[in-house]
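# Observations on the three-dimensional arrangement
Residues per chain, in single letters:
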Amino acid sequence: MALFHSRQTQLGNRPSVPKITSLENALEVFDEMLHSRPLPSVIPFTQILGQLVKLKHYSAPIPLFKQMLIAPNHYTLSIIINCYCHLNQMGFSLSVLGSFFKLGLQPNVITFNTLIHGFVLHNQVPEAARFFTKMLEAGHCKPNVVTFTTLIKGFCMIGNNNAAIQLLGNMEERGCEPNIVSYNTIIDSLCKDTLIDEALNLMTEMISRGIAPNVVTYTSLIQGVCKLGRWKQATKLLDEMLSKGIFPNVVTFNVLVDAFCKEGMVVEAKTVVDMMIQRGIEPDTITYSSLMDGYCLRGKMDKARQVFDLMISKGSMVNVWSCNILINGYCKGKKVDEANKVFKEMRCMELVPDTVTYTTLIDGLCKVGRIQEAEKLFSEMQGCGQLPDVQTYAVLLDGLCNNQQLSMAVELLREMKSNKLELNIVVYTLVIEGLCKAGKIESARDLFRGLSSKGVQPDVRTYTIMIGGLCHHGLIIEAEKLLREMGGKGCSPNGCTYNTIIRGLLNNNRTSWGMELIQEMVELGFSADASTMELIVGLLSKDIVDAALLPLLKDS
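Rules used in this analysis
Residues numbered from 1 in each chain as written. Predicted model: local features only at pLDDT ≥ 70, side-chain atom pairs only at ≥ 80, totals over all residues. Heavy atoms only, no water. Helix = DSSP H or I, 4+ residues; strand = E, 2+ residues; numbered from the N terminus. Buried < 20%, exposed > 50% of the residue type's maximum accessible area, 1.4 Å probe, protein only. Contact = heavy atoms within 4.5 Å. Core = buried A, V, L, I, M, F, W, Y, C linked by side-chain atoms within 4.5 Å. Polar contact = N/O pair within 3.5 Å; in protein donor to acceptor, adjacent residues only side chain to side chain. Salt bridge = Lys/Arg side-chain N within 4 Å of Asp/Glu carboxyl O. Expected span 1.5 Å × (residues − 1). Axes fitted to C-alpha atoms, helices over the stretch in contact; angles between N-to-C directions. Parallel < 35°, antiparallel > 145°, perpendicular 65-115°, else oblique. Nonpolar A, V, L, I, M, F, W, Y, C, P; charged D, E, K, R; others polar. Phe/Tyr/Trp six-rings, centres within 6.5 Å; stacked < 30°, edge-to-face > 60°. Arc of directions from axis to C-beta.

### A closer look at the overall build of the chain
In terms of regular secondary structure, the chain is built from 32 helices and zero strands. Overall size of the chain, expressed as C-alpha extent along the three principal axes, is 105 × 55 × 55 Å. For the chain, the proportion of its 556 residues judged to be buried stands at 47%. Contacts in the chain between residues at least 24 apart in sequence constitute 58% of all its contacts with a sequence separation of at least 6.

### Brief notes about the nonpolar core
Judged by nonpolar contacts, the single largest core of 174 residues is most densely connected at I187, I222, L291, L326, I362, L397 and I432. Looking at this core element by element, the count peaks at eight residues for helix α25 (residues 425-437). Each residue touching L326, except ones within four places of it in the same chain, is listed here: M292, C296, M301, A304, R305, F308 and V342.

### Overview of the side chain of T464
Here T464 shows up in helix α27 (residues 460-472). At a separation of 2.8 Å, a polar atom in the side chain of T464 contacts the side chain of T497. The contact partners of T464, leaving out residues within four places of it in the chain, are N494, C496, T497 and T500.

### Points about the pattern of salt bridges
Enumeration according to the criterion identifies 26 salt bridges in this entry. Between D363 and K367 there is a salt bridge; the shortest N-O distance is 2.8 Å. A residue pair is termed a helical-turn pair when its members lie 3 or 4 positions apart in one helix, as D363 and K367 do in helix α21 (residues 355-367) at four residues. A cluster of three or more residues bridged by salt bridges with shared partners is formed by E172, E205 and R209.

### Description of α25
The first and last C-alpha atoms of α25 sit 18 Å apart over 13 residues, in line with the 18 Å expected at 1.5 Å per residue. Counting buried positions along α25 yields eleven of 13 residues, so the element is predominantly enclosed. Those residues of α25 that fall on the buried side of the exposure criterion are I425, V427, Y428, T429, L430, V431, I432, E433, G434, L435 and C436. Of the residues flanking the start of α25, the one acting as N-cap is N424, its side-chain oxygen 3.2 Å from the backbone nitrogen of V426. Positioned one or two residues after α25, G439 has a phi angle of 80 degrees, which is positive.

### Let's talk about unusual backbone geometry
The omega torsion across R37 and P38 is 0 degrees, close enough to zero to call that bond cis. Take P38: it is sitting in the loop between α2 (23-35) and α3 (42-54). Residues other than glycine seldom take positive phi values, yet N123 does so here, at roughly 60 degrees. Along the chain, the position of N123 falls in the loop between α7 (109-121) and α8 (125-138).

### Looking at the packing of helix α9 (residues 145-157) against helix α11 (residues 180-192)
Two measures define how a pair of helices packs: the angle their axes make with one another and the distance between the axes. Where α9 meets α11, the closest approach of the two axes is 9 Å, and the angle between their N-to-C directions is 5 degrees. Classified by the interaxial angle, the pair formed by α9 and α11 is roughly parallel. The residues of α11 that touch α9, namely those facing V145, T149, I152, K153 and C156, are V181, S182, T185, I186 and S189. Classifying every residue of the contact of α9 with α11 by side-chain character gives five nonpolar, four polar and one charged.

### Notes on the packing of aromatic side chains
The final tally for this structure, using the stated rule, is ten aromatic pairs. Aromatic pair F112 and F131: ring centres 5.8 Å apart, planes at 40 degrees, arrangement tilted. Residue F112 is found in helix α7, and its partner F131 is found in helix α8; the two are separated by 19 residues along the sequence. Using a relative accessible area of 3% as the deciding quantity, one classes F112 as buried. Judged by centre distance (5.4 Å) and plane angle (70 degrees), the ring pair of F343 and Y358 falls under edge-to-face.

### Examining the environment of H472
Mapped onto the elements, H472 comes out in helix α27. Classification of H472 by relative accessible area gives exposed; the value is 66%.

### A look at helix α12 (residues 196-208)
Given 3.6 residues to a turn, an α-helix orients residues that are three or four positions apart in the same direction. Taking 1.5 Å per residue as the helical rise, α12 with its 13 residues ought to reach 18 Å, and the 18 Å between its terminal C-alpha atoms agrees with that figure. Along α12, the residues classified as buried are I196, A199, L202, M203 and M206. Projection of α12 onto a plane perpendicular to its axis shows the buried side chains occupying an angular sector of 120 degrees, all on one side. Exposed and oriented more than 90 degrees from the buried face of α12 are N201, T204 and S208. Taken from the residues just after α12, G210 is the one with a positive phi, measuring 85 degrees.

Right, dumping it as C-alpha cells:
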C-alpha cells in the first residue's frame, strides 16, 4: 500500500491519488485503497475513475464503482453516467441518474449535459430533445450554452437545420447567450447542405451580436461554396478572412485542395499546397492524399506515385486510406501489377489492408480478366481475418459473370446467404445480367420473378437488363409486358429502358411497333442513344423505317 499512503502522507490528511498512467496502474492503486484502513473518502476513489475516463477506458470504471464500499458523491455518479453514455448504454445512464435522487443528491447541469451528449453521440436525437424538454419542465437546473449547443449539434447531425436555428433563437429567451460554437455548428451544417445564402445570413447575425467569425466559420463557408463550384466566392471569402487577420489553417487549405481535385483542377490544387508550404503550414496526410486522388482521377499515375513517395519520405504520413487511393487509381487505369506492388508495400510499412483495399484490388483483377488471382485474393482476405462485405462479393460476382463462370457465381451467391449477408438488388442484378449474357434466360427469369419473395424489389436497371435479355431471345411480347409492369411497381422506365426495348423490337423486325415506342419515348422527354440512332440510320438507308422519324429523334 506504499504507493497510495506515500501520496497521502505528503499532503497530510487531504485525500489524493498519484497520476494514473495505465489501466493496470489504476487497478493496482484502487485495490490498495480498498484494503487500506481507515477506508479513504469517496474523493480519491472518484479521482481514479475520472482519470480512467480521461484515458478513454470507459468500461473499466463501472466494475470498480460497484466495488466501492462507500457512498458515491455527485461527481462519482456523473463519471459513471459518462461511461455508460460512451458505451451506448443509455438505459443504465438514466438508472444512475435515478440514484442521484435516491441518495438525496442534486444533479447539476454537467450531469444533464453528459446525458444529452450521450443521446446525440449515438444518433438518438429525438430522445435527447425529449430529455432536454423534461429537464426544462422539471426545473432541476438551468441549461447552459453547452446544453443548447449539444442539442443544436444533434439536430444538425440528422439534417434538421430548422430545428437547430429555432433552438438557437430560444437560447436568449432562456437567458443563455449563444457562442461562436453554437453559430459555427449551424453554419457548417447549412454549408454541408449547400444552403450558402442561409449560412452567410447567419454569419451576419452572429457578427451583429458581437461574435466575430473565426477560422472554423470561414472554412465551413469556403467548403460550401467550393461544393457548388463557386470559385470566385471562395477566393473572396479567403481574401476576407485574411483581411480580418484570420489565417487559414491546415483544414482550410485541405478543403480547397480536395475541392479543386474533385473538379479535376489538379494544377490549382498543387498551387494551394505550395502556398501552404510557403506560409509555414505543413501539409498533412489529408492534404497529400487529396492531391494524390486528384492525380488519380486525371489518370496521372506517375504524379500520384510521386506524391505517395513524398509521403513515405516524410515518415509516418502514409496510412491505409492513402494506399487505397493509389491502388484504386492504378486499378481504374488497368495497371493491376502496379496496384499489387502498393498492396505488398503496405505490409512493409506495417499497414493492415482493410476491406476497401481488398475489394478494390479484387475488382481491378476482375476487370482485366484475372479471375483466378481475384479468387485467390478473396480467400487470402478471409484468411487474414478481413471479412468481405456486400461490395466485395458484388465485384467478384461481376467478374465471374463477365467471364462466363456462372456456376461459381451462383455458388458465391449461396455463400453470401449462408454468411447471413443482406443480399441487395445490386447483387441479384449482377447475377441476372450474367445469366442473360450466357443465354440462360429461363434461369434469369426465375431469379427475377423470385425477387419479391426474397423481400427485394427490382430497380430500373434490373428491369432494363431483363427486358434486354428477353428481347435478345425474341421474347418481345414478354419484354413489352415487363415495360408496362414497371410503372405499376413504382419503378418508371428511363431512357435506357426505352432504348433497350426499341433496339430489341427493331432487331426482331418489329419496326412499326418500335416506331410507336420511339414516339412514346420522345413524348416522355427521353432521346435515342448512339446505338439506337445507328440502328435507325441503318434501317433508313434500307427504306425500312419512315424517314419522317429522323427529325423527330434529332429534336429529342
